[in-house]
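Structural features, examined
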Amino acid sequence: MKTTRIEFTSDNKDRFVTVQRQGPYLLATLFSPEAPNGRNHWIGIDDEDDIRSAADLLFCFLEGHDGTNSDIHDMYLRLLPLSDI
């Protein structure tokens, strides 16, 4: 069994993200009041640095502030089931 899609939402539910496998990439689509149709962000499915960078970006997008190392690591761990790492 393989995880193929994950959804995240902000605490106040005005922002959300879907992340899904798309061939050799993960496609993260970021939805917010400023981008109601979503904004796409491509992530290398087997690139650990790219996944870690995306975890930082997604955390900041959802929470509205930079995360600590443990915040970013938690988001990174949530993305790993979608990856080939």
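Residues numbered from 1 in each chain as written. Predicted model: local features only at pLDDT ≥ 70, side-chain atom pairs only at ≥ 80, totals over all residues. Heavy atoms only, no water.

With respect to the layout of surface pockets
A volume near 180 Å³ is recorded for the largest pocket. Residue lining of the largest pocket: Phe8, Thr9, Asp11, Phe59, Leu62, Glu63, Asp71, Asp74, Met75 and Arg78, and that is the complete set. Residue assignment for the lining of the largest pocket shows that the elements contributing at least two residues are β1 (5-9), α1 (48-63) and α2 (69-79). Of all the elements, α2 adds the most residues to the lining of the largest pocket, at four residues. Looking at the lining of the largest pocket residue by residue, the class counts come to four nonpolar, one polar and five charged. (1 Å grid on protein atoms, 1.4 Å probe; cavity = no way out; pocket = protein on both sides within 12 Å on 5 of 7 lines; lining within 4 Å. Points joined across faces, edges and corners; volume = space filled by probe spheres on them. Helix = DSSP H or I, 4+ residues; strand = E, 2+ residues; numbered from the N terminus. Nonpolar A, V, L, I, M, F, W, Y, C, P; charged D, E, K, R; others polar.)

Focus on the sheet that holds strand β3 (residues 25-32)
Sheet architecture is open: four strands sit in the order β1-β2-β3-β4, paired in antiparallel fashion. Edge positions in the sheet fall to β1 and β4 (35-44), since each has one partner strand and no second. The average angle at which neighbouring strand axes cross in this sheet is 20°, direction not considered. The pairing of β3 with β4 spans seven bridges and is antiparallel. Bridging across to β4, serine 32 finds its partner in alanine 35. Of the strands in this sheet, β1, β2 (16-22), β3 and β4 are in contact with α1, which crosses β4 at around 160°. (Pairing = 2+ DSSP bridges. Axes fitted to C-alpha atoms, helices over the stretch in contact; angles between N-to-C directions. Contact = heavy atoms within 4.5 Å.)

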